[in-house]
Amino acid sequence: MRLYRTTLGPYVEQGGLAYRVTGHSWDELVTSEDLHGLLAGVVDQAEPAKDFESSQILAPVESQDVWAAGVTYYRSRSARMEESKDAGGGSFYDRVYAAERPELFFKSPARDVVGHLGAVRIRRDASWSVPEPELTLLINHQGRIIGYTAGNDMSSRDIEGENPLYLPQAKVYEGSCALGPCVLVDTAPLSTSTAIHVKIHRDGLVEFSGTTTLAELKREPAVLASYLFRENKFPAGCFLMTGTGIVPPDSFALRFGDEIHITIDTIGTLVNRVG
Ligand code: DO4
Ligand code: MG
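As the structure is a prediction and not an experimental result, all values here were calculated from the model. (Residues numbered from 1 in each chain as written. Chains lettered and ligands numbered in written order. Predicted model: local features only at pLDDT ≥ 70, side-chain atom pairs only at ≥ 80, totals over all residues. Heavy atoms only, no water.)

Draft legend 1. Highlighting the overall build of the chain. Across its full length, the chain holds seven helices and 16 strands. The C-alpha atoms of the chain give 18 Å as radius of gyration, which agrees with the globular expectation for 275 residues (19 Å, within 12%). Taking the principal axes of its C-alpha atoms as reference, the chain extends roughly 60 × 45 × 30 Å. Counting across all 275 residues of the chain, residues that qualify as buried make up 55%. In the chain, the proportion of contacts linking residues at least 24 apart, taken out of those at least 6 apart, comes to 74%. Looking at the chain as shown, the accessible area adds up to about 12300 Å², and 49% of this sits on carbon and sulfur atoms. Treating the 26 positive side-chain charges of the chain as one cloud and the 36 negative ones as another, the clouds have centres 4 Å apart. (Helix = DSSP H or I, 4+ residues; strand = E, 2+ residues; numbered from the N terminus. Rg over C-alpha atoms; globule rule 2.2 N^0.38 Å. Buried < 20%, exposed > 50% of the residue type's maximum accessible area, 1.4 Å probe, protein only. Contact = heavy atoms within 4.5 Å. Areas by Shrake-Rupley, 256 points an atom, 1.4 Å probe, with all protein chains shown as cover. Lys, Arg positive; Asp, Glu negative; His and termini not counted. Charge placed at Lys NZ, Arg CZ, Asp CG, Glu CD.)

Encoded structure:
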């Protein structure tokens, strides 16, 4: 089942039909005892909605801040080592890739998350910006993974590569985090064959495309979530991006007007333009 947050309220979609979810705010849904059961009840009992098409999809966020994991794919480890080699930061990334403790960092306050069809930004003081397509977990207040969405961890590689201590500036700025279009609510973990694709359109052409699968993700999503909840409380739940396994070639940098399409099997496609 796919859960959408829209201008007309939440909808659940299954089998091509959408159903309005009434009587619950987004935060109440995220913190409900059994979100999957609640939505299954709506699909069972409600009439299909006719107004879903006319509603506008919003970011799937009310009070949920977004955190991120890094260097969880071998491809990301190699790219980070290459971009920071002149700064002497290369070995940090190798070590964190191999370590038991994952790299986790704060990515975005709830209020700044961009939704499907919204505009993401590149920093004005950056010259080498890229999207990072990432499976993103929705975790409830008890630390349980209750859903999955597509995320874009927009990053400034030149700033991060200059000095690893600049990571928060490379990663956390207005328009740097997009999530959507929906949350796939599933009680089972996603299959490792789940593919993540990105396509970047420029002037009507595909400038870059890439693919990975969850088989390349080095860490279990549940383990990433457990580290985040070790010494943090999230009364409204939170999102956790699980890292990127797709890095464009070093010659590629995003430009104003590019359109980024991130597709994750069974979830859908998140589309954002660089604005
Ligand atoms: O250490 C830098 C962050 C890397 C990252 O965001 C990723 O691997 O996705
Ligand atoms: Mg990332």
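Draft legend 2. Structural context of the sheet that holds strand 2 (residues 9–14). With mixed pairing, nine strands are arranged side by side in an open sheet as 3-2-1-11-9-8-14-4-5. Looking at the sheet topology across the chains shown, the edges are occupied by strand 3 (17–20) and strand 5 (103–108). The average angle at which neighbouring strand axes cross in this sheet is 30 degrees, direction not considered. Looking at chain direction, strand 2 and strand 3 are connected through four bridges and run antiparallel. The residue bridging V12 from the neighbouring strand is Y19, located in strand 3. Here helix 2 (residues 35–45) sits on the sheet and contacts strand 1 (2–6), strand 2, strand 3, strand 9 (145–153) and strand 11 (177–185); the angle it forms with strand 2, its principal contact strand, is near 80 degrees. Of the strands in this sheet, strand 4 (66–70), strand 5, strand 8 (133–139), strand 9 and strand 14 (238–241) are in contact with helix 7 (residues 221–228), which crosses strand 14 at around 125 degrees. (Pairing = 2+ DSSP bridges. Axes fitted to C-alpha atoms, helices over the stretch in contact; angles between N-to-C directions.)

Draft legend 3. Quick peek at the nonpolar core. Grouped together as the largest cluster of nonpolar side chains are 44 residues, with contacts concentrated most on L135, I139 and I260. Excluding residues within four positions of it along the chain, I139 makes contact with R144, I145, A225, F229, G237, C238 and L240. Counting residues in each nonpolar core, the second largest holds 28 residues, with V43, V66, C177 and L179 among its members. (Core = buried A, V, L, I, M, F, W, Y, C linked by side-chain atoms within 4.5 Å.)

Draft legend 4. Looking closely at the site of ligand 1. Looking at ligand 1, there are 16 residues lining it, with V71, S76, E103, E160 and K171 nearest. One nitrogen or oxygen atom from the main chain of T244 is found 2.9 Å from an oxygen atom belonging to ligand 1. Relative to its unbound accessible surface of 280 Å², ligand 1 loses 100% to contact with the protein. When residues of the shell around ligand 1 are traced back to their parent elements, those giving at least two are strand 4, helix 3 (74–83), strand 5 and helix 6 (167–171). Class assignment for the residues of the shell around ligand 1 results in five nonpolar, four polar and seven charged. (Near = heavy atom within 4 Å. Polar contact = N/O pair within 3.5 Å; in protein donor to acceptor, adjacent residues only side chain to side chain. Nonpolar A, V, L, I, M, F, W, Y, C, P; charged D, E, K, R; others polar.)

Draft legend 5. Representation of unusual backbone geometry in the model. In this model, G180 is joined to P181 through a cis peptide bond whose omega is 0 degrees. Its place among the elements puts P181 in strand 11. The backbone of V71 shows a phi angle near 55 degrees, a positive value even though the residue is not glycine. Relative to the helices and strands, V71 is located in the loop between strand 4 and helix 3. Positive phi values are uncommon outside glycine, yet D203 reaches one of about 50 degrees. Note on placement: D203 falls in the loop between strand 12 (195–202) and strand 13 (205–213). Taking the relative accessible area as the measure of exposure, D203 reaches 73% and is therefore exposed.

Draft legend 6. Structural view of the packing of aromatic side chains. Counted by the stated rule, this structure contains seven aromatic pairs. Here Y11 and F52 contribute two aromatic rings whose centre-to-centre distance is 5.0 Å and whose plane-to-plane angle is 50 degrees, an arrangement assigned as tilted. Placement of the pair is Y11 in strand 2 and F52 in the loop between helix 2 and strand 4, with a sequence separation of 41 residues. For the residue pair Y11 and F52, the accessibility class agrees, reading buried in each case. The interplanar angle of 40 degrees and the centroid separation of 6.1 Å between the aromatic rings of F208 and F252 together place this pair among those described as tilted. With F208 in strand 13 and F252 in the loop between strand 14 and strand 15 (259–264), the pair connects residues that are 44 residues apart, well separated along the chain. Like F208, the residue F252 is buried in the burial classification. Positioned above the aromatic ring of Y97, the side-chain terminus of K218 is 4.9 Å from the ring centre. (Phe/Tyr/Trp six-rings, centres within 6.5 Å; stacked < 30°, edge-to-face > 60°. Lys NZ or Arg CZ within 6 Å of the ring centre and 35° of its normal.)

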